[in-house]
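# Descriptive analysis of the structure
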Amino acid sequence: MSVKPPRVWVSNAKPARGEIVRVRAQIEHAMESGLRVDGDGKPRPRNIVRRFEARLGANLIFVWEPGISIAQNPYIEFTFAAREGGELVMQWADEKDVTLEARKTLTLA
Amino acid sequence: MKRRHFVAGGVALGTALVVPAARAQSKAAIPPQLAPNPAEFKKAMADFVGRAKPLETGLKLEVPVLADNPSAVPVHVSVTLPLSDQLYCKELIVLAEQNPSPLACRFQFTPFTGSAEAAARLRLSQTQAVHALARMSDGRVLVARQNVTVAASGCGM
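Looking only at helices and strands, chain B features 2 helices and 8 strands. In chain B, the succession of helices and strands from N to C terminus is α-α-β-β-β-β-β-β-β-β. Of all 157 residues assigned to chain B, the portion counted as buried reaches 42%. Sequence separation of 24 or more characterises 67% of the internal contacts of chain B that already satisfy a separation of 6 or more. Element-wise, carbon and sulfur atoms account for 58% of the exposed surface of chain B, whose accessible area totals about 8500 Å².

All right, on to unusual backbone geometry then. All names here are of chain A. Look at Met 31: it is not a glycine, yet its phi comes out positive at around 50 degrees. The topology assignment puts Met 31 in the loop between strand E2 (20–26) and strand E3 (49–56). By relative accessible area, Met 31 is classed as buried at 1%. The backbone of Asn 73 shows a phi angle near 50 degrees, a positive value even though the residue is not glycine. Here Asn 73 shows up in the loop between strand E4 (59–66) and strand E5 (75–81).

All names here are of chain B. Given a rise of 1.5 Å per residue, 12 residues ought to cover 16 Å, and the 16 Å separating the end C-alpha atoms of helix H2 (residues 38–49) matches this to within 8%. What H2 keeps buried is the set Phe 41, Ala 44, Phe 48 and Val 49. For H2, the arc enclosing every buried residue in end-on projection is 120 degrees, short of the 170-degree limit, so these residues lie on one face. Summarising the geometry of H2, the exposed residues directed more than 90 degrees from the buried face are Ala 39, Lys 42, Lys 43 and Asp 47. Considering only its buried residues, H2 is in contact with strand E4 (89–96), strand E5 (103–109), strand E7 (128–136) and strand E8 (141–150). At the C-terminal side of H2, Gly 50 shows a positive phi close to 60 degrees.

The next subject is the interface of chain B and chain A. Taken together, the 31 residues of chain B in the interface contact 32 residues of chain A. Across the chain B/chain A interface, buried area totals approximately 2600 Å², and carbon plus sulfur atoms make up 50% of it. By the criterion of area lost to chain A, the three top residues of chain B are Phe 112, Arg 121 and Arg 123 of chain B, representing 28% of everything that side buries. Linking chain B with chain A are 3 salt bridges, by the criterion used here. The residue Arg 106 of chain B makes a salt bridge to Glu 65 of chain A at a minimum N-O spacing of 3.7 Å. Across the chain B-chain A interface, the total number found is 19 residue pairs in polar contact (both at pLDDT 80 or more). Looking at the side of chain B that touches chain A, the elements with two or more residues in it are E5 and strand E6 (117–122) of chain B. The element contributing the most residues to the side of chain B that touches chain A is E5 of chain B, with 7 residues.

Attention now goes to the environment of Pro 43 of chain A. Relative to the assigned elements, Pro 43 of chain A resides in the loop between E2 and E3. Those residues in contact with Pro 43 of chain A, other than ones at most four positions away along the chain, are Gly 34, Arg 36 and Val 37 of chain A.

Using the criterion set out here, one finds 19 salt bridges over all chains in the structure. Between Arg 51 of chain A and Glu 65 of chain A there is a salt bridge, and its shortest N-O distance comes to 3.3 Å. Within this pair, whereas Arg 51 of chain A is found in strand E3, its partner Glu 65 of chain A is found in strand E4, the two being separated by 14 residues in sequence. The exposure class of Arg 51 of chain A is partly exposed, given its relative accessible area of 27%. For Asp 138 of chain B, the salt bridge identified is with Arg 140 of chain B, shortest N-O distance 2.9 Å. Arg 140 of chain B sits in the partly exposed class, given a relative accessible area of 31%.

Okay, the sheet that holds strand E7 (residues 99–106) of chain A next. Taking strand neighbours across the sheet as the criterion, the 9 strands line up as E7(A)-E6(A)-E3(A)-E4(A)-E5(B)-E4(B)-E7(B)-E8(B)-E2(B) in an open arrangement whose pairing is mixed. Every other strand in the sheet has two partners, leaving E7 of chain A together with strand E2 (66–67) of chain B as the edge strands with one partner each. Here E4 of chain A runs beside E5 of chain B; their pairing, made up of 5 bridges, is antiparallel. The residue of E5 of chain B that forms the bridge with Glu 65 of chain A is Arg 106 of chain B.

What counts, and at which threshold
- Position numbers for residues start from 1 in each chain and track the written sequence from start to end.
- Written order decides the labels, with chains lettered from A and ligands numbered from 1.
- Local features in this predicted model are restricted to residues of pLDDT 70 or higher, and side-chain atom pairs are both shown and tallied only at a pLDDT of 80 or more, whereas totals for entire chains, interfaces and linings draw on every residue.
- For the side-chain quantities, the full set of heavy atoms in the structure was used; hydrogens and water were omitted.
- The secondary structure listing takes helices from DSSP runs of H or I that are at least 4 residues long and strands from runs of E that are at least 2 residues long, numbered from the N terminus.
- Burial classes follow relative accessibility: with a 1.4 Å probe on protein chains only, a residue under 20% of its type's maximum area counts as buried, one over 50% as exposed, and anything between as partly exposed.
- Contacts were defined at the residue level, with two residues in contact if any of their heavy atoms lie within 4.5 Å.
- Accessible areas in this description were obtained via Shrake-Rupley with a 1.4 Å probe; residue shielding takes into account the shown protein chains only.
- Here a helix's expected span is defined as the number of its residues, less one, multiplied by 1.5 Å.
- Arc, as used here, means the arc of the directions from the helix axis to the C-beta atoms.
- Summed over both partners, the accessible surface that disappears when two parts come together, traced with a 1.4 Å probe, is what is meant by buried area.
- The salt bridge criterion pairs a side-chain nitrogen of Lys or Arg with a carboxyl oxygen of Asp or Glu, the two atoms within 4 Å.
- Here a polar contact means two N or O atoms within 3.5 Å. Within protein one must be a hydrogen donor candidate and the other an acceptor candidate, and residues neighboring in sequence count only if both atoms are side-chain atoms.
- Paired strands, in this sense, are two strands between which DSSP finds at least two bridges.

Encoded structure:
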């Protein structure tokens, strides 16, 4: 997986209680499907991002399990209701178990 | 050769050769590793739906009708039913019917999420239908589909 940090956008870092917050996040990853071949005709080994999860504090709020039909540099957008403040923690893991993490702090207005 | 002769020649060639060639190619151009997998598509659909009766309401699927970049086609899904702590969306899948691996991705939500909306970008190997299926906490299964025309030759995955 890339060494560049994830790019994350949060619609509102100071939402009212219960407000719907939108998150957009993207990482750099080739999402190698295993179907492509290199110049010598040998298949490139498969390695895709297999799991993304987002937690707010201790609560799991969103899970994404991409397949090989997901585009490279996977982009994900989701929403949730801000029931409490806390840290929004996002984690990516690929099939070689390389992980990336991003954090955003939410405080209720 | 003078330019106008060249251009005229090109037009003549275009009408005579390129159009039928392109038509013939569109059938045979898909390499074997990118062939659709209808068995897996049916299985993924059946596994998700189970014994529920799929309902064609309450789930919104937004995909462009014409995808100009088949290697990153934006797809947006959202459950439009009113959600509560008792009624929430448990999981949602997106399927690309003609892709070699039809199950594009799975989203999971929890009672804590408070909404059921997600967007991602797909690779599409050819012009096809994209399906979305959502399972609600009360066991209802919602379905939506949209045909997508893929520009150029499709994505090599």
